[in-house]
Every structure is written in structure tokens, then in C-alpha cells.
Amino acid sequence: MIIRVLILACLAFASAAVPAQGFPSRPLRVIVPQPPGGGFDSAARVLSEPLATLLGQPVVVENRPGGGTIIGTEAAAKAEPDGYTLLLGASANLVFTPALYKQLPFNAKSDFVPVGLAVANTYTLVARNDLPQASLREIVEFARANPGKLTYASAGNGTGQHIAAAVLWNLAGVGLTHVPYKGAQGAYQDLLPGRVDLFFDATQTAKGQIDAGRVKPIAVSGPKRLAIHANVPTARETGVADFELVSWIGYFAPAATPAPALARLRADFARVMAQPEIVARFEKSGLTILRLSLAETEALVASDIEKWTRLIRSAGISAD
């Protein structure tokens with residue numbers, strides 16, 4: 001009887017170990033909750049090819065746009081948690097979205113676990129070239145004396161560009177008029193000829209406009225000045241508000257994904273992020289490489305959800 005129990009136990013252990021040892025045995029997919037061609041999409045594709053090489057299986061990028069990133073994020077949350085479906089997760093869909101909507105078909109805190117964070121991104125506040133105010137302090141002082149007169153563009157209600165600006169103005173105690181557009185291109189079409197005053201854009205896309213002399217930089221959202229804009233102060237150092245915004249992008253998996261599959265994914269993801277050519281590609285586009293442990297990653301995601309839920313709701317920003 002004892003021998004029979006031992007045999008059954010060994011068989012059970014062996015059958016459980018086979019899937020772990022054989023992972024992955026088929027292609028993986030990364031769901032990107034935005035259309036092709038954007039920042040989400042490009043980051044996912046930079047990561048997918050070298051990850052596929054290490055895993056020995058194709059890693060297919062699947063764009064599932066719609067609903068302000070909700071459709072694709074929900075699809076990933078409800079996918080079979082077997083390690084074969086990943087989410088391109090970012091501050092936009094896992095940090096900002098929970099604060100922007102009263103109800104969501106997924107829980108950003110409990111439905112996902114990180115595979116790894118790849119890069120961090122800041123925002124740069126730019127102004128039309130002929131705006132009389134030359135600094136953030138001057139802009140805030142003018143806005144305080146002239147509520148609603150200055151206008152600021154965004155790439156749409158609830159986007160990172162909108163949140164960065166609206167939270168900054170709220171913390172500074174001033175009122176500016178929000179002008180939402182359908183993407184950054186539309187915002188620049190009105191900013192360049194001076195039909196709108198300001199735009200808090202993602203740094204990597206703002207850089208091209210600044211370098212071409214089409215707009216003037218005012219402040220950056222990160223904790224320190226950027227090498228690409230060495231003369232541009234951070235919002236915090238101007239003294240107008242205790243403001244800082246750094247967003248991140250990485251790969252996430254459904255929370256119930258088996259531990260052996262997660263371990264393999266995390267190990268190979270870390271190896272991808274250690275490759276000099278991958279680092280160079282990201283840094284060339286103005287992104288900062290993140291080198292965080294799993295514990296640091298989990299802590300950052302949790303603290304960002306708490307922090308930005310409070311700040312977004314305090315600023316009265318809603319996508320409902």
C-alpha cells in the first residue's frame with residue numbers, strides 16, 4: 001500500500017513538472033491595448049523579438065485598441081493564465097485608468113502580476129514660441145491673475161498628457177482651459193501656429209518639436225533634469241508645486257499564471273533588458289531603462305496606483 005502511494009505521488013509530481021519543463025511549447029502573444037504605431041506598440045515590438053529568441057518560440061504582438069486601453073487590458077485579464085498571454089502594461093492602463101473610471105471590467109491591482117518593467121518616460125511641458133511667459137513660474141502667476149485665459153492641449157481626455165497638466169495646475173492652485181485633441185498630432189497642429197498655448201507632451205515626441213525650434217520647453221515632469229534638455233528645469237525645482245510624474249512600460253501576466261512559467265518569463269525578460277542593443281534603442285528614443293527587482297517593481301506599481309488615484313480624483317479628472 002505504501003509503495004502504491006509513493007508511486008502515485010511520483011507520477012503526480014512528474015505530470016505537474018512536465019508542463020513547467022516544457023514551457024513554452026507554442027507561440028506567445030503580447031496584447032497591446034492601443035493601435036499599431038504608438039509608444040505602447042513600439043515598446044512591445046522592441047521587446048518581443050529578442051524575447052522570442054530566448055524563449056525559442058514566436059512572441060506575437062496583438063493590437064487590441066479601444067475604450068481608452070480598456071478593451072485590450074480586459075482581454076489580457078480574462079485570458080487563460082497559462083503564461084502564453086502577456087499584457088503590455090503601462091501607467092496609462094494600469095495606474096491612470098483605475099482612477100479615471102468608476103467601474104472597470106478588470107482590477108489592475110489583483111488581476112495582473114509583473115513580468116518586468118522595461119523603461120520609464122517623462123513629460124515635457126512646451127509652449128507656443130510667442131507665449132509671453134518664459135518660465136513655469138511666470139505661467140502660473142499669469143494664470144492665477146487671469147483664470148481660464150491660458151489654454152493647454154492634450155492628446156485626449158484622460159491621456160497622460162491631460163493628467164500631467166491637469167494635476168500640475170491643480171497642485172499649483174490655478175485654472176487653465178483644457179483643449180483635448182485626438183492624439184498629439186492634432187495638438188501640435190494648433191500649438192505651432194499659436195491657437196493653443198501649452199502642451200505637456202511625452203518627452204520623446206516633444207523632443208523633435210523642441211529640437212526643430214517649433215516650440216519652447218518650459219519644464220520636465222521627472223525628478224531630475226534630462227540630458228537631452230539640460231537647461232530645462234523640473235517642475236518641482238521651479239517651486240510652483242510639489243509635482244513629479246514618471247510613467248513606465250513593461251510586460252505583465254494574468255495573476256494566476258503558474259510560478260514556473262512566470263520564473264522563465266521573468267528571467268528571459270531580464271536578459272533582454274540587459275542586451276546593449278535593446279538599451280541603446282530605448283535610450284535613443286528618450287526613454288530611461290529601469291533595472292528593478294521583482295519586489296521593487298511590485299512596490300512601484302502599488303504605490304503609483306495609490307498615488308495617482310488620489311491626485312487624479314483630487315484634480316477632478318474623469319473619463320466616465
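Data block above holds the structure.
Quick caveat, the model's predicted, so the values are computed rather than measured.

Cut-offs and rules
Residues numbered from 1 in each chain as written. Predicted model: local features only at pLDDT ≥ 70, side-chain atom pairs only at ≥ 80, totals over all residues. Heavy atoms only, no water. Pairing = 2+ DSSP bridges. Helix = DSSP H or I, 4+ residues; strand = E, 2+ residues; numbered from the N terminus. Contact = heavy atoms within 4.5 Å. Axes fitted to C-alpha atoms, helices over the stretch in contact; angles between N-to-C directions. Right-handed = clockwise from strand over helix to strand, strands pointing away. Buried < 20%, exposed > 50% of the residue type's maximum accessible area, 1.4 Å probe, protein only.

Colleague: Which residues make up the sheet that holds strand β1 (residues 28-32), and what values go with them?
Modeller: Strands belonging to one sheet form pairs held by backbone hydrogen bonds; the direction of such a pair is parallel or antiparallel. In spatial order, the strands read β2-β1-β3-β10-β4-β11; together these 6 strands make up an open sheet with mixed pairing. Two strands in the sheet have a free side with no partner beyond their single neighbour: β2 (59-63) and β11 (288-289). Summarising the sheet, strand β4 (residues 112-121) and β11 pair through 2 bridges and their orientation is antiparallel. Considered in β11, the bridge of V119 is made with I289. Taken strand by strand, helix α3 (residues 70-77) contacts β1, β3 (85-90), β4 and β10 (247-254), and its axis lies near 140° from that of β3.

Colleague: Could you give me a rundown of the pairing of strand β7 (residues 177-180), with the residues and numbers involved?
Modeller: Taken together, the 4 bridges between strand β6 (residues 151-154) and β7 define a ladder with parallel strand orientation. What sits directly across from S154, in β7, is P180. Where the polypeptide runs from β6 across helix α6 (residues 160-172) and back to β7, its parallel neighbour, the crossover connection is right-handed.

Colleague: Please give an account of unusual backbone geometry that cites residues and values.
Modeller: F23 connects to P24 through a cis peptide bond whose omega is -5°. A positive phi angle, close to 80°, is found at T69, a residue other than glycine. Residue position: T69 is located in the loop between β2 and α3. Residue T69 is classed as buried on the basis of its relative accessible area, which comes to 8%.

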